[in-house]
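An overview of the molecular structure
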Amino acid sequence: MGCIAPFVFLLLIIGGTARPLYPLPSKGDDGSRQPLQTFRPYNIAHRGSNGELPEETRPAYMRAIEEGADFIESDILSSKDGVLICFHDVTLDDTTDIAKHKKFANRRRTYEVQGVNITGFFTVDFTLEELKSLRVNQRYSFRDQQFNGKFQIITFEEFISIALDAHRVVGIYPEIKNPVFINQHVKWSDGKRFEDKFVETLKKYGYKGSYLSKDWLKQPAFIQSFAPTSLVHISNQTDLPKIFLIDDTTTPTQDTNQSYWEITSDKYLDYIKQYVVGIGPWKDTVVPVVNNYMITPTNLVARAHSHNLQVHPYTYRNENRFLHFNFSQDPYAEYDYWINKVGVDGLFTDFTGSLHNFQRWTSPEHQDNSDDKTASKLLHKIALLVSPYN
């Protein structure tokens, strides 16, 4: 009986560490940070883990990294004084507590944004100091509201620091957001454009290198935009890989007024591949939906791949209201369909942990370490340890 206790302790140690929630080793054997995985579709944390926490906040990005994101994604806009910030909407109304700040009541404006008149409190009418006085709220009322009013808007530089300070290599995926509107309303003293300031910030923190180059793998980044002229404009400033975002079939490009059908034609894909490594389409344009059922997929993914372009669709969300009937309210069935049937190269998701778990559970490595095999190996190890006492 004297030798039993050590083995019970051993079982407790092994059992307690065998199935951590998000097994993400932070260090390699040589003490370096665990590298970015490049062998499976990228897990892109859409505005952070915003299914759980208010979007584009530090906690949302920290949670996404904890949950296994390969890349953290952000929309980059500008303050009145030209500081680049992480915020999705050009107005502050829907996701901040701006309405509680009576001193800003006279800041409400109406501007034209992508051909539509919008009224609200615009980021471009507030200095960074003023924006920092606001607090961010959860966008959707059906998601957890307990964190409303607790977190600040962060800057592009703060966003970058979150990735660089991570315990493993985590990529960034910033968007040049609404560049036409930003360039109309924000002027920099050196005469440069929004896009120039965007690239300058990336360079300041050492982001460089073409896709999968040594420099890129050290600090991975994709630059994304719905505006093709912005992507062309920065092509001579940085060789970082770029992704051309594609909106709904009814929405023209904000800068060139081109239709969906034009920018997804083979002729245009052949043109844009000179400047980008991939496209980021809305997923319902890749596989059309009728009465909440997906129908026959288009050939967009196959055609993009034939032009050597990656495909990173958006946005994958766990809630039933976002899951098409085909998936029987199962987000894992949706991931399986897009990864294994459609064959996409990356996925923008609001629920990073769910995608990470799906990819881990379906990985060959996990299959090789099923419960039966793990138990057998454990018993074999115990037998070897016990044998000297017999």
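A short tour of the structure in this document, coming up. Quick caveat, the model's predicted, so the values are computed rather than measured.

Procedures and definitions
Residues numbered from 1 in each chain as written. Predicted model: local features only at pLDDT ≥ 70, side-chain atom pairs only at ≥ 80, totals over all residues. Heavy atoms only, no water. Helix = DSSP H or I, 4+ residues; strand = E, 2+ residues; numbered from the N terminus. Buried < 20%, exposed > 50% of the residue type's maximum accessible area, 1.4 Å probe, protein only. Core = buried A, V, L, I, M, F, W, Y, C linked by side-chain atoms within 4.5 Å. Contact = heavy atoms within 4.5 Å. Pairing = 2+ DSSP bridges.

1. Examining unusual backbone geometry
Following Tyr314, the chain continues to Thr315 via a peptide bond in cis, the omega torsion being -10°. Turning to its location among the elements, Thr315 is positioned in the loop between strand 12 (310-311) and helix 13 (331-342). Phi is positive for Asn308, which is not a glycine, with a value near 60°. Structurally, Asn308 is set in the loop between helix 12 (300-306) and strand 12. By relative accessible area, Asn308 is classed as exposed at 69%. At Gln329, a position not held by glycine, the phi torsion is positive, near 60°. Within the fold, Gln329 resides in the loop between strand 12 and helix 13.

2. Things to note about the nonpolar core
Formed by 92 residues in total, the largest nonpolar core has its most connected members in Ile72, Leu92, Phe159, Ile172, Phe198, Leu202 and Trp338. When sequence neighbours within four positions are dropped, the list of residues in contact with Ile172 reads Phe71, Ile72, Phe159, Ile160, Ala163, Leu202, Tyr207, Pro220, Ala221 and Phe222.

3. Observations concerning the pairing of strand 5 (residues 116-120)
Alignment of strand 4 (residues 109-113) against strand 5, held across five bridges, turns out to be antiparallel. The residue of strand 5 that forms the bridge with Thr110 is Thr119. Hairpin connection, strand 4 to strand 5: the antiparallel pair is bridged by two residues, and Gln114 has positive phi, about 50°.

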